[in-house]
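Read off the chains here:
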Amino acid sequence: MRFTLLLAIFCVLTAPATTLAETTPAMEIGLRGGFDVGRSNIDENYDAVELYFFRGLPWGARLIGNTTLSTRFDLGATYLEGGDDEGAMLAAGVDLVLGFWDDSLELEAGFRPTWMFDHEYGEDDFGGGMQFSSHAGLTVNWHRAALSYRYQHTSNAGIYDENPGLDLHMVGLGYRF
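Residues numbered from 1 in each chain as written. Predicted model: local features only at pLDDT ≥ 70, side-chain atom pairs only at ≥ 80, totals over all residues. Heavy atoms only, no water.

Caption draft 1: Structural view of the sheet that holds strand β9 (residues 145-155). One closed barrel accounts for 8 strands, arranged β1-β2-β3-β4-β5-β8-β9-β10; its pairing is antiparallel. The mean inter-strand angle of the sheet, taken between neighbouring strand axes irrespective of direction, is 25 degrees. In this structure, β9 lies alongside strand β10 (residues 166-176), joined through 10 bridges in antiparallel fashion. Residue pairing across strands places Y149 opposite V171, the latter belonging to β10. (Pairing = 2+ DSSP bridges. Helix = DSSP H or I, 4+ residues; strand = E, 2+ residues; numbered from the N terminus. Axes fitted to C-alpha atoms, helices over the stretch in contact; angles between N-to-C directions.)

Structural data, given as structure tokens:
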């Protein structure tokens, strides 16, 4: 079983893929900010500001017409405020991006293991430092500017006794280079 899994990972990582370097900027840096969705299982209100960095990965393909499918490395450092407490999160992971009209419009989905430096905010306890963030979003690209919206869910997947989860609406502005 272990050999089969390692062989499958090796094949995926070394399989030839059409790179999109000529149409997709290799990197993006930006800021996004947002607030919690207001679910009933958390007591505090949350605000977040994230400095993010994207780096295009070599796996992708041009699909039908001007539609592309690409991957990217997604790194973010977040300032989180909830109740009278403040803290930080650090997340790194991978996004899958579906681009339309030469990537003028992108739909994204991604997953990032996340470290929450302080897991207690007011009356809310997120259980521990290790968390997992998943997101789905939409980005409009114009020249080198990127305007984005992301719905992000962060929780610990039940590895701790407490697991209320945090859902955020995030709006961002980035620079692509």
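Caption draft 2: Up close: the pattern of salt bridges. One pass over the structure, following the stated rule, counts 11 salt bridges. Here E50 makes a salt bridge to R32, at a shortest N to O gap of 2.4 Å. Linking E50 in strand β2 (residues 46-62) with R32 in strand β1 (residues 27-36), this pair joins segments that are 18 residues apart in sequence. In this pair, the class of E50 matches that of R32, namely buried. Among the salt bridges present, the one from D74 reaches R150, with a minimum N-O distance of 3.0 Å. Residue D74 is located in strand β3 (residues 68-82), and its partner R150 is located in strand β9; the two are separated by 76 residues in the primary sequence. Residue classification places D74 among the buried residues on the basis of a relative accessible area of 0%. (Salt bridge = Lys/Arg side-chain N within 4 Å of Asp/Glu carboxyl O. Buried < 20%, exposed > 50% of the residue type's maximum accessible area, 1.4 Å probe, protein only.)

Caption draft 3: Structural view of the nonpolar core. Core analysis: the biggest nonpolar cluster contains 11 residues, these being I42, Y46, A48, L80, M89, M116, Y121, F126, L166, L168 and M170. Counting only elements with at least two residues in this core, the list comes to β2 and β10. By residue number, the principal contributor to this core is β10, which donates 3 residues. Once you skip the residues sitting within four places of it in the chain, Y121 turns out to touch E44, Y46, L80, G82, D85, E86, G87, A88, M116 and F126. (Core = buried A, V, L, I, M, F, W, Y, C linked by side-chain atoms within 4.5 Å. Contact = heavy atoms within 4.5 Å.)

Caption draft 4: Local environment of the packing of aromatic side chains. With the rule as written, the count across this model stands at 7 aromatic pairs. Each ring, one from Y52 and one from F54, has its centre 4.8 Å from the other, and the planes form 40 degrees; the classification is tilted. This pair shows no difference in class: Y52 is buried, exactly as F54 is. Between F100 and W101 the ring centres are 5.9 Å apart and the planes differ by 50 degrees, which places this aromatic pair in the tilted class. Under the relative-accessibility criterion, W101 is labelled exposed at 58%. By way of ring pairs, the aromatic residues Y46, Y121 and F126 are connected into one cluster. (Phe/Tyr/Trp six-rings, centres within 6.5 Å; stacked < 30°, edge-to-face > 60°.)

Caption draft 5: Broad picture of the environment of R55. Along the chain, R55 turns up in strand β2. Along the chain, R55 and D74 lie 19 residues apart, while their C-alpha atoms are 6.8 Å from each other. When sequence neighbours within four positions are dropped, the list of residues in contact with R55 reads A26, M27, R72 and F73.

Caption draft 6: Structural context of a negative patch on the surface. On the surface, a cluster of negative charge is made up of D47, E81, D84 and E86. Its location among the elements puts D84 in the loop between β3 and β4 (85-100). (Patch = residues over 30% accessible without salt bridge, like charges linked within 9 Å, V, L, I, M, F, W, Y side chains within 5 Å. Areas by Shrake-Rupley, 256 points an atom, 1.4 Å probe, with all protein chains shown as cover. Lys, Arg positive; Asp, Glu negative; His and termini not counted. Charge placed at Lys NZ, Arg CZ, Asp CG, Glu CD.)

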